[in-house]
Each structure stands twice: as structure tokens, then as C-alpha cells.
Amino acid sequence: MKKILSFFALLCLLAGCGKTTVDNSVVDAFELDRFLGRWYEIARFDHRFERGMQRTQANYVLRGDGKVDVLNTGLKDGVPHESKGVAKRTDTPALLRVSFWGPFYSDYRILLLDDDYRYALVGSGSDDYLWILSRTPQISEEVKRLILAEAQRRGYDTGKLIWVEQP
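Rules and cut-offs
Residue positions are given per chain, counted from 1 along the sequence in the order it is written. Given that the model is predicted, a residue must reach a pLDDT of at least 70 before its local features are reported, and side-chain atom pairs must reach 80 or more before they are shown or counted; all residues, however, enter totals for whole chains, interfaces and linings. For side-chain calculations, the full set of non-hydrogen atoms in the structure is used, while hydrogens and water are omitted. Helix and strand labels come from DSSP, where a helix needs a run of H or I of at least four residues and a strand needs a run of E of at least two; each type is numbered from the N terminus. Only heavy atoms enter the contact rule, under which two residues are in contact if any of them lie within 4.5 Å. When a residue's accessible area, from a 1.4 Å probe over protein chains only, is under 20% of the maximum for its type it is buried; when over 50% it is exposed; and in between it is partly exposed. Salt bridges are defined by distance alone: a side-chain nitrogen of Lys or Arg within 4 Å of a carboxyl oxygen of Asp or Glu.

Peer 1: Is there a simple way to think about the environment of A58 in this case?
Peer 2: For A58, the position within the fold is in strand β2 (residues 53–62). Separated by 17 residues in the primary sequence, A58 and E41 place their C-alpha atoms 7.4 Å from one another. The contacts of A58, once residues within four sequence positions are left out, are G37, R38, W39, L71 and N72.

This is the structure we're talking about:
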């Protein structure tokens, strides 16, 4: 019985079943084709699968079956590191389901998106994950203030953000 409860707890953690204290509603307008390609990770909340990573990037490529290949790359302790995953669409365009571990999927929620798809704020099904992404390795102070204000308005603790070293 203990193993079953532990397995259920793990599933809830991965699926984002935890208590949400933030507004993680997604943007109304989202076109997957425009979101595809390379994104630089500008900032993130700390989590074990990216701990110590710098120069992180994500590349999204549409597959023939409609799913999206996800390739995350970066440097961990100066050594190149990559992880591969897959994203699938949902009935809500700006809500994807992403998996890096077999059948376990987590929410990937587009919370803020520039009209020209130059920067994005991405969350999950809980308040434990938050990313700031950009098409360029750096963002202006004006864009940074705008994104942080939106994250704070939604209830995220932006003091927990780790600012990623980029070239």
C-alpha cells in the first residue's frame, strides 16, 4: 500500500496536482507554428532537473504526427548537457503537455507572449515552475520590468527567479 501511495504522490507532483496559489491562466491568442524554434532561457525557478545549468536554450520542432520535439541544451559545470522531450497539444492552444520521462506529462502554460513572439512567460499546473524565455540571449530592462510585473500580478514570487547566464 505504501508503494501505491508513493507512486500516486509522484504522479501528482509530475502532473502538477499540487496546490496552486497563482493565476496560471494562459494567453488567449497562441499559434504553435510561430512559437516553434529556438528560445533562450532568461530566468527560471530552481528545480532539480535544471539545477546548476547555464546558457540554457530550448528548441521546439513540429513532428509529422502533430507533436513537438523538445530539445533543451545548456552547460552544467561547464559541460554540455541536453535533454529531449515531447510536447503534445491540448484543446486549449496555449496549454501544452510536455514529457521528458516516458508517459508522465506536465502542463506547459504560456502565461504571457509578445505579439511578435519575441519573449514569453511560461508556467505549469502549479506555482513551483516559472520560466522567462526570449528569442535573443538578453532582454531589455523595459521588457524585464514588463514580464516581472505580469508574473507578480499573477502571484508568483519573482524573488525566487534564477537569472541564467547567456552568451
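After that view of the structure, there is still more to cover.
Peer 1: What am I meant to see in the environment of L113 here?
Peer 2: Counting through the fold element by element, L113 comes out in strand β6 (residues 104–113). The class of L113 is buried, set by a relative accessible area of 13%. Ignoring sequence-local partners within four residues, the contact set of L113 consists of V27, A29, F30, F35, W39, Y119 and A120.

Peer 1: Got a minute to help me understand the pattern of salt bridges in this structure?
Peer 2: For side chains bearing opposite charge, pairing can occur when the charged atoms are close. The tally for this structure, following the rule as stated, stands at 13 salt bridges. Note that R51 is salt-bridged to D46, the shortest N-O span being 3.1 Å. Residue D46 is classed as partly exposed on the basis of its relative accessible area of 37%. Note that D114 is salt-bridged to R118, the shortest N-O span being 2.7 Å. For D114, a relative accessible area of 8% puts it in the buried group. Each of D23, E150, R153 and R154 takes part in a single network of salt bridges with overlapping partners.

By themselves, these figures tell us nothing about what the structure is for.
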